[in-house]
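Structure at a glance
Each chain is listed here by its residues.
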Amino acid sequence: MKLNKKLLTGGILAVSLAAGPALGAVSQEEAAKLGDSLTPIGATKAGNGGAIPAWDGGLQEAPSGYDGDGIYVNPYPDDQEKFRIDQSNVDQYADKLSPGQVKMINQYDDFFIPVYPTRRSAAYPQKIYDASVENATETSLIPSGNGMEDYTTGVPFPIPQNGLEVIWNHITRYRGGSVARNVGQVTPTADGDFSVVKFQDELTWRTALEDFDPDQDPNVLFYFKQAITAPARLAGNVLLVHETINQVKEPRRAWVYNAGQRRVRRAPQVAYDGPGTAADGMRTSDNFDMFNGAPDRYNWELVGKKEMYIPYNSYKLVDRDLSYDQIINAGHINQEYTRYELHRVWHVRATLKDGSRHIYAKRDFYIDEDTWQAAVIDHYDGRGELWRVAEAHAMQFYDVDVPWYAIETLYDTLSGRYLVLGLTNEETNPYSFGTSRRSREYTPAALRRAGTR
């Protein structure tokens, strides 16, 4: 028998038989494609003979004009818009859009998709590539699909065999190890009026802790702490999450500190379709980061792979000369500041299981092959009607080899309202990667100190 010291199943160190690859792991022959015909994390390396170029390693150097201060400048300032998709030609391009994107174009006269040259800018650190190649033959899903065996870091399933493995690739993707950010969230009214809720977020992978102990919290993937800094009526409230890998066997641990009451409480509602923090009912807890949390309430179908116009290299949306007033319009953000490119995506469909409850009965995920980030998600209600459309405006944080989001948008096509999360244009110190954090900073006892106002 082989002792799997990285086995993560509800916090129990387990023993498994080394009798061949488990569900999810692929053969050595399949894994040999990684770094050859596939990128080290599983994307098709070749181009499509047209708009999509071959992947050549991505954007690994900061452009001139970047001062290393977390204020990201556009590495492609000379790129020009090739064409735009609007109401006059949407039918021509509908096969490369999601139904939600088509609905947004048809619903708003001023919603359009500006298409730019495709830049396969995604790049990760070499340690992530190495771990991903190793994971291909070692990491597997537990029988329920709601946890993983033999996983520590990197892409767990670079050659996915089913839709659930694709979703785990999104959930676990590398975001810098330990990062702090100051961002804004807005939920404009139907006529475009808004106020900004400001967050101070911390995201630290367990393996990035300064005092990392493999035997402590072995079922925890990462720690997340979110303090509200504005407006004054909410300032000082803090959320703490211990994100578990198998959330069905050991549910996500969450606590909130209420500054007005000066009390720390458990927060089981911070999961599934529980209300998102200070979101005015415009997002669920699992809408954060496009999708997060336990996947057990859905059946997951891998529909296939396709070419699609998705938001990409969205550096205009972090321009420090741009104000929130310029970005936020009635009904949707100002599309003049967006950039879309043709990329290959994995299409995964989530359908609510019989007997399970969630406000979204179906979700269609479109996940970028080069990053495993969800790019677009269409959400359907219990009547089967297309309800909400999420778009993630991605960018490459080129000084730290981290693909992530400039902003996330979630459009309610029925109410005409929407949410934007991740705004940084008017924030100081928007991103700090490589922060030093210890385990004691992510305990419930630490919440009261973090929430003092």
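Note that the structure is a prediction, hence the values are computed from the model and not measured. (Residues numbered from 1 in each chain as written. Predicted model: local features only at pLDDT ≥ 70, side-chain atom pairs only at ≥ 80, totals over all residues. Heavy atoms only, no water.)

The next point concerns helix α4 (residues 126–138). If you check α4, its first and last C-alpha atoms are 19 Å apart, about what 13 residues at 1.5 Å a residue would give, namely 18 Å. Where α4 is concerned, the buried positions are Ile 128, Tyr 129, Ala 131, Ser 132, Asn 135 and Ala 136. Taken end-on, α4 shows its buried residues confined to a sector of 165°, consistent with a single buried face. Exposed and facing more than 90 degrees away from the buried side of α4 are Gln 126 and Lys 127. In this fold, the buried residues of α4 make contact with α1 (28–31). (Helix = DSSP H or I, 4+ residues; strand = E, 2+ residues; numbered from the N terminus. Expected span 1.5 Å × (residues − 1). Buried < 20%, exposed > 50% of the residue type's maximum accessible area, 1.4 Å probe, protein only. Arc of directions from axis to C-beta. Contact = heavy atoms within 4.5 Å.)

As a rule of thumb, soluble globular proteins bury nonpolar side chains together. Core analysis: the largest hydrophobic core is formed by 73 residues, its most contacted members being Trp 300, Phe 365 and Trp 404. No other element matches strand β17 (residues 386–397), which puts six residues into this core. Formed by 28 residues, the second largest nonpolar core is a distinct cluster that contains Tyr 93, Tyr 340, Tyr 411 and Val 420. (Core = buried A, V, L, I, M, F, W, Y, C linked by side-chain atoms within 4.5 Å.)

The next subject is the pattern of salt bridges. Applying the stated criterion across every chain yields a total of 27 salt bridges. Asp 289 is the partner of Arg 175 in a salt bridge, and the nearest nitrogen-oxygen pair spans 3.0 Å. Here the residue Arg 175 occupies a position in the loop between α5 (163–172) and β7 (178–186), and Asp 289 occupies one in the loop between β12 (263–266) and β13 (298–311), the gap between them amounting to 114 residues. We classify Arg 175 as buried; its relative accessible area is 5%. Overall, Asp 289 belongs to the buried group, its relative accessible area being 6%. The partner of Glu 427 in a salt bridge is Lys 198, with the nearest N and O atoms 3.5 Å apart. Highlighted residues: Glu 427 in the loop between β19 (418–423) and β20 (431–433) and Lys 198 in strand β8 (residues 196–205), separated in sequence by 229 residues. Take Lys 198: its relative accessible area is 25%, and that puts it in the partly exposed class. A network of salt bridges, in which partner residues are shared, links Arg 120, Lys 305, Arg 344, Glu 369 and Asp 370. (Salt bridge = Lys/Arg side-chain N within 4 Å of Asp/Glu carboxyl O.)

With that settled, consider the packing of aromatic side chains. By the definition in use, this model includes 27 aromatic pairs. For the ring pair Tyr 66 and Tyr 72, a centre distance of 5.2 Å and an interplane angle of 15° mean the geometry is stacked. Neither Tyr 66 nor Tyr 72 differs from the other in exposure class; each is buried. For the ring pair Phe 111 and Tyr 411, a centre distance of 6.1 Å and an interplane angle of 85° mean the geometry is edge-to-face. Placement of Phe 111 in the loop between α3 (99–107) and β4 (113–115) and of Tyr 411 in strand β18 (residues 402–412) is noted, with a sequence separation of 300 residues between them. The class for Phe 111 is buried, based on a relative accessible area of 1%. (Phe/Tyr/Trp six-rings, centres within 6.5 Å; stacked < 30°, edge-to-face > 60°.)

Averaged over all residues, the pLDDT of the protein is 93; the fraction at 70 or higher stands at 94%. pLDDT under 50 marks residues 1–22. Its contacts with residues more than four places away, or in other chains, come to 44 contacts. (pLDDT = per-residue confidence, 0-100.)

Tallying each qualifying case throughout the model produces nine cavities of 30 Å³ or more. In this structure, the largest cavity occupies an estimated 340 Å³ of space. For the lining of the largest cavity, the secondary-structure elements that each account for two or more residues are β7, β8, β9 (220–230), β10 (238–244) and β18. Partitioning the lining of the largest cavity into residue classes produces twelve nonpolar, five polar and nine charged. (1 Å grid on protein atoms, 1.4 Å probe; cavity = no way out; pocket = protein on both sides within 12 Å on 5 of 7 lines; lining within 4 Å. Points joined across faces, edges and corners; volume = space filled by probe spheres on them. Nonpolar A, V, L, I, M, F, W, Y, C, P; charged D, E, K, R; others polar.)

Once that is clear, we can look at unusual backbone geometry. Note that the residue after Ala 230, namely Pro 231, is joined by a cis bond; omega there is 5°. Residue position: Pro 231 is located in the loop between β9 and β10. Of note in this structure, Asn 429 is not a glycine but carries a positive phi near 45°. Position of Asn 429 among the secondary structure elements: in the loop between β19 and β20.

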